[in-house]
Amino acid sequence: MTRPARTSPSRAPARSRPATPAGEHRPAPWVRTRLRTQPLAALLTAALAFALVFLAAAFPRALDRGADAALRDFLHDRGPLETSLTSTASAPLGDRAESAADLERVAAELLAATGPGYSVAPSGAVFGAQAVQHRALANPGLDRPDGRSNPTLHLLYLHGLTEHTTLVAGAWPGRSAPGEPIPIAVSRAAADTIGIRLGDVLQDDSATSRQVRVSGLYTVTDQAEPYWSDLPCTGRACLERSLSDPNTRFWHTAGIVGGDDLRTLAAWGGRPARDFWRLPVDTGALRADRLPEAQRGLASHLTGPAAAHLGAATARPDLTTVSRLPGHLAQAAARQGAVAPLAAIGPAAVAGIAGIVLALAAALTTERRGAELRLLRARGASAAGVLLRLCGEAAVPVLPAAATATALALWLLPTPRWTAAVTAALVTTVLALFTVPVRAALPPGQDRHRGRAARRVRLCAETVVLALTAAAVAGERRRGAAPPGDGPDLLLVAAPLLIALTAALLLARLLPLLAAAAARAAARGPALVGFLGLARAARGTGGRPRPSTLPLFALVLAVTTAGFGSTVLDGVGLARRQAARLTVGADASAAAPAGRTLPPGFGPAAAALPGVEAATTVRLESEAFLLEGVPGVGTGVDPHATQVTLVVAEPQAYARIARTVGTGTFDPALLTAPPAPDTAGPAVPGTAPAPGTAAPAVPALFSADLARHLGPGGHRLRLPSGGEVLAVRAGAVDATPALPGATRPFIVLPTPAATAVLPELARATDWFAVGRIDEPALAALVRQLPPSDLADPGAPPTAGPTASAAVVGNDPDALRSGYLTRTSAAVTADLARDPLQHAAARFFRHAVTAAGALALLALLLTLLRAAPDRAALLARLRTMGLRSRQGLALILAETLPQTLTAAAGGALAALAAVALLGPAVDLSALVGAPVPAGLRPAAGPLVLPAAALAALAALAVLTEALTGGRRQVTTHLRAGDHP
């Protein structure tokens, strides 16, 4: 009898079940297990990869967008005429009359020949034909401004005129019958001004008696359209002056003929008509990276193979195409090349610091997982196997983050170019993916710099860096920061970064020695915390023979880049203000219209304005003659006289203005001291002294080129009124504020002495002042002057309308009364509106911000790397009675020396970079005006970035010590020391 328990059916399957096959037991996947056990580490890895890849993809896109926007704005400011291709040819001769269809056919040929690299604007081509000569109209009822000069009329045909005008009366002109007047259309504004009515037959004043009939009146839809850019007097009547007689004034306008038969243009002009085609280039479609292609296409269209083909294809052998656009493109390319080094320094620094951050992250991960990796290797895992597992583990957080960052950068910063951004993102992704696995898969001991061989390698690397730095500095001082070529020289661009790297290497050598010396000094005191922290800073932590230098490199690179770039931007601001002062001649100026003078009370009233520090009225006389022939100087046609510009100013105030402006500086005593007695010359006809007596001598400053050719003694100056002054050379100056950029020789006279000889010199034409002058207050003062105050009883009468009207009509800065006021602040603001400067400065600031943030991240990674060892030490010291406040002091004493030393070293490296590279830096492209090359160091731009980054680094250290230190110490006190 068997026992049921042994033969129970319920137990039989369990006993008879075979062993579990190997295929049915699968271990947990490595990647999933690691990500589940350490989700925070995976999240931080993804965040780091996202940030680095986004920066790598965004910087090229931002640079491209800035360059394209600057190019478009630069060309847009030039205007449509400067950016168009203008073709002209004579109308064909022969029995067949030219028609509008012939012009359209040539326009189609010209459009087909455009490109590559550029295209025609959507507004389309503007073309037509016009008569060569103008004809004066003899009808008696027409308006004549001077009472005698007939208005003039020129005829033309414009394609597409009806799309830009509105017919308000009559009909558009058609074909004219033989012997009948030519039908034309005239603008309503011109007809009202000249006195033309619909249906009038206008007759020229020549013997041929050509006639035109006004068949229609039109109005221009928008006079500001590019269509009307080179078509003056088409939508209105223009008041013209005769070149031979300025008092002769007459009206001039245009008449539009129909396109059915253009032979009427030759009949009115007396010669074959001139056909024209204007192709406006679409500046919005031009790209900075395709400028060379656009330049080649334009050269071919203007003078190359395309131009030769067009002459044959259009049957116009005299077809000529001209444009100023190639010159503007060359100027734009030069400007981009000049700002390229500043734009490249920031991203280069970011790339270097990002590499340091990846290396620190890899070191931190390797040290945290060192026991695990050693166990794997001890159990037989190969280096390749460990590397593959770590790559798979890193790919899960890195690849999605990198793809998202790349897509976000491409979406937020749209631009046609994507190759550079995607390439940079791929390189950064590969580095983020493989840095940690490669670092962790190295066999133990191979990542430590030990032994004599390692020291030799380090010495060789430092020597190479030093040699590259010397070569870069020498090359930049010799060739400049933007040498001619297709792009910036990478060696020259890297010069500031190499200087920072050299400084970091030097600090890495000196920091342990300085910390050890500080520790020995602290050991003599009663406190133990400072000595212990400095000793740990000198010898390293966590079993390392010396402190990690990677955060030192990151901080020095960030501070040096920020200091050097800030100095450049600060130098741009200073140079721009100096250029504005040179342009104005002071901080503020006011000028009377041509041929007029300032009222006597204007100078004292303007000098009383708030903010005026020094001011003087100035008499400028450009038609003065030195009654001596000076070879190669002056523009006078008389070989016995030299034309000069006379400047009469109050010596003290004018000397102060010259010192402030920085040009033509002189000692006012030269003009206030009386000349030597023997310098009084003979009698000067036409002056105050009676004939036969000696003329009073006036001390004067001569321009340098004039002084080189004149001997000592008095020199006679004759003014347009016939008065003469005996000028005695008291000194020489290269320039003078009242004549910025003057090429003609000049002479400066003091107002008191000059007016004593010739009272007419007391009537000033200009006013100059320095200080913080309120431009609206100055403008308000000038507006209070009535137009009658412009009259100058001593000045010759001006022809035609008052000069104030001419100034107001042509200069937007002119005031209603005719004066022209300018301030250096307004000129500075105008120069600062350049989009290229804004794009370069904004791009550099963003790069510096990213570099500083990555440097702080490198510091935090270093703190986290040393946190376990530091927590163990604090735990042991807490058992010996160390208080919490002393523990915080210990952490700060250990970490802050390196941070503060790096900030100070970065500031010194930036100072060295400015001193070494400054003489070769040309700021003209960033300033917007030609300025002397050179960059001067300034305390603010060098100290502020270093202080700000040092403060942020100290705050990060303090935050980590307060938040992480106490928790880790508590953990060690509860669990004991880890082996």
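Each value, and the rule that gives it
- Residues numbered from 1 in each chain as written.
- Predicted model: local features only at pLDDT ≥ 70, side-chain atom pairs only at ≥ 80, totals over all residues.
- Heavy atoms only, no water.
- Helix = DSSP H or I, 4+ residues; strand = E, 2+ residues; numbered from the N terminus.
- Buried < 20%, exposed > 50% of the residue type's maximum accessible area, 1.4 Å probe, protein only.
- Contact = heavy atoms within 4.5 Å.
- Areas by Shrake-Rupley, 256 points an atom, 1.4 Å probe, with all protein chains shown as cover.
- Pairing = 2+ DSSP bridges.
- Salt bridge = Lys/Arg side-chain N within 4 Å of Asp/Glu carboxyl O.
- Expected span 1.5 Å × (residues − 1).
- 1 Å grid on protein atoms, 1.4 Å probe; cavity = no way out; pocket = protein on both sides within 12 Å on 5 of 7 lines; lining within 4 Å.
- Points joined across faces, edges and corners; volume = space filled by probe spheres on them.
- Nonpolar A, V, L, I, M, F, W, Y, C, P; charged D, E, K, R; others polar.
- Phe/Tyr/Trp six-rings, centres within 6.5 Å; stacked < 30°, edge-to-face > 60°.
- Disulfide = S-S within 2.5 Å.
- Core = buried A, V, L, I, M, F, W, Y, C linked by side-chain atoms within 4.5 Å.
- Bend = angle between axes of the 7 residues up to and from the residue.
- Axes fitted to C-alpha atoms, helices over the stretch in contact; angles between N-to-C directions.
- Parallel < 35°, antiparallel > 145°, perpendicular 65-115°, else oblique.
- Left-handed = near helix turned anticlockwise from the far one by under 90°.
- Patch = residues over 30% accessible without salt bridge, like charges linked within 9 Å, V, L, I, M, F, W, Y side chains within 5 Å.
- pLDDT = per-residue confidence, 0-100.

**Some details on the overall build of the protein chain**
In terms of helices and strands, the protein chain carries 29 helices and 21 strands. Split into buried and exposed, the 979 residues of the protein chain put 48% on the buried side. Excluding contacts between residues fewer than 6 apart, the proportion of contacts in the protein chain whose partners are at least 24 apart in sequence is 80%. Summed over its atoms, the accessible surface of the protein chain is roughly 46700 Å², and 60% of this surface lies on carbon and sulfur atoms.

**So, the pairing of strand S1 (residues 84–90)**
The pairing of S1 with strand S11 (residues 274–280) spans seven bridges and is classified as antiparallel. The partner of Ser87 across the bridge, within S11, is Trp277. Sheet topology note: the S1/strand S12 (residues 320–322) ladder contains three bridges and is antiparallel. When the bridges of S12 are listed, Thr86 appears paired with Val322.

**Digging into the pattern of salt bridges**
Counting across every chain of the model gives 15 salt bridges. Residue Asp289 pairs with Arg417 through a salt bridge whose shortest N-O separation is 2.7 Å. Taken together, the residues span a long stretch of sequence, with Asp289 in the loop between S11 and helix H7 (291–303) and Arg417 in the loop between helix H11 (383–412) and helix H12 (419–441) at a distance of 128 residues. With a relative accessible area of 39%, Asp289 lands in the partly exposed category. Between Asp587 and Arg581 there is a salt bridge whose closest N-O contact spans 2.6 Å. One connected set of salt bridges, linked through shared partners, spans Asp64, Asp68, Arg287, Asp289 and Arg417.

**Some remarks on helix H17 (residues 550–584)**
Quick reminder: α-helices carry 3.6 residues per turn. Residues three or four places apart thus point the same way. Taking 1.5 Å of rise per residue, 35 residues should cover 51 Å, and H17 covers 51 Å from first to last C-alpha, within 8% of that figure. By the criterion of burial, H17 is predominantly enclosed, with 26 of the 35 residues buried. Phi for Gly585, located one or two positions after H17, is positive at around 95°.

**Regarding empty space enclosed by the protein**
Under the defined criterion, the tally for this structure stands at three cavities of 30 Å³ or more. Roughly 50 Å³ of internal volume is contained in the second largest cavity. Of the residues belonging to the lining of the second largest cavity, the class tally is three nonpolar, four polar and three charged.

**Section: the packing of aromatic side chains**
Evaluated as defined, the whole model comprises six aromatic pairs. Ring geometry for Phe50 and Phe54: centres 6.3 Å apart, planes at 10°, overall stacked. Of this pair, Phe50 and Phe54 both sit in helix H3 (residues 39–78), four residues apart, roughly one helical turn. Measuring from ring centre to ring centre gives 6.1 Å for Phe602 and Trp767, while their planes differ by 85°; the resulting arrangement is edge-to-face. Of this pair, Phe602 sits in helix H18 (residues 602–607) while Trp767 sits in strand S20 (residues 766–771); the two residues are 165 residues apart in sequence, bridging distant segments of the chain.

**Notes on the state of the cysteines**
Enumeration according to the criterion identifies one disulfide in this entry. The residue that forms a disulfide with Cys233 is Cys238, at a sulfur-sulfur distance of 2.1 Å. Of note, the bridge from Cys233 to Cys238 carries an S-S torsion of about -120° and is left-handed in sense. The class of Cys238 is buried, set by a relative accessible area of 7%.

**Quick word on the nonpolar core**
Counting residues in each nonpolar core, the largest one holds 97 residues, and the members touching the most others are Val350, Ile353, Val556, Val568, Leu854, Leu923 and Val927. Sorting elements by how many residues they give to this core places H17 first, with 17 residues. Listed in part, the 53 residues of the second largest apolar core include Leu110, Ala113, Leu153 and Leu302.

**Observations regarding helix H26 (residues 835–879)**
Taking 1.5 Å per residue as the helical rise, H26 with its 45 residues ought to reach 66 Å, and the 64 Å between its terminal C-alpha atoms agrees with that figure. Ala867 marks where H26 bends most, by close to 50°; the proline Pro868 follows one to four residues later. Once H26 finishes, Gly881 follows within two positions and takes phi at roughly 105°, a positive value.

**Overview of the packing of helix H9 (residues 325–368) against H26**
Two elements in contact, H9 and H26, have axes whose closest approach is 9 Å; the angle formed by their N-to-C orientations is 15°. Classified by the angle between their axes, H9 and H26 sit roughly parallel to one another. Between H9 and H26 lies a crossing whose hand is left-handed. Looking at the contact of H9 with H26 residue by residue, the class counts come to 28 nonpolar, three polar and four charged.

**Re a nonpolar patch on the surface**
On the surface, a cluster of nonpolar side chains totalling about 400 Å² of accessible area is made up of Leu506, Leu510, Leu513 and Leu514. Mapped onto the fold, Leu513 is located in helix H15 (residues 495–523).

**Here's the deal with the side chain of Asp64**
Mapped onto the secondary structure, Asp64 falls in helix H3. The contact partners of Asp64, leaving out residues within four places of it in the chain, are Thr415 and Arg417.

**Structural notes on the side chain of Thr429**
Secondary-structure assignment places Thr429 in helix H12. Given a relative accessible area of 12%, Thr429 falls into the buried group. Beyond its immediate chain neighbours, meaning those up to four positions away, Thr429 contacts Val53, Val398, Leu399 and Ala402.

**Considerations on the environment of Arg296**
Within the secondary structure, Arg296 sits in helix H7. Distance in space between the C-alpha atoms of Arg296 and Gly117 is 8.2 Å, their sequence separation being 179 residues.

**Points about the pairing of strand S19 (residues 746–750)**
Where burial is concerned, most of S19 is hidden: five out of the five residues are buried. Two elements, strand S15 (residues 642–649) and S19, share five bridges in a ladder whose sense is parallel. Considered in S19, the bridge of Thr645 is made with Phe746. One ladder, built from two bridges, connects strand S16 (residues 697–703) with S19; its direction is antiparallel.

**A few points about the environment of Trp767**
For Trp767, a relative accessible area of 1% puts it in the buried group. The spatial distance from the C-alpha of Trp767 to the C-alpha of Ala738 is 9.2 Å, given a sequence separation of 29 residues. When neighbours within four sequence positions are excluded, Trp767 is seen to be in contact with Ala588, Ser589, Ala590, Leu598, Phe602, Gly603, Ala606, Ala607, Ala615, Thr616, Thr617 and Leu778.

**Quick look at unusual backbone geometry**
Located in the positive-phi region is Ala315, a residue other than glycine, with phi close to 55°. Overall, the relative accessible area of 57% leaves Ala315 in the exposed class.

**Regarding the confidence of the model for the protein chain**
On average, residues of the protein chain score 78 in pLDDT, and 83% of them reach the 70 mark or higher. For residues 678–694, every residue scores under 50 in pLDDT, and the model assigns this stretch 28 contacts once sequence neighbours within four places are set aside.

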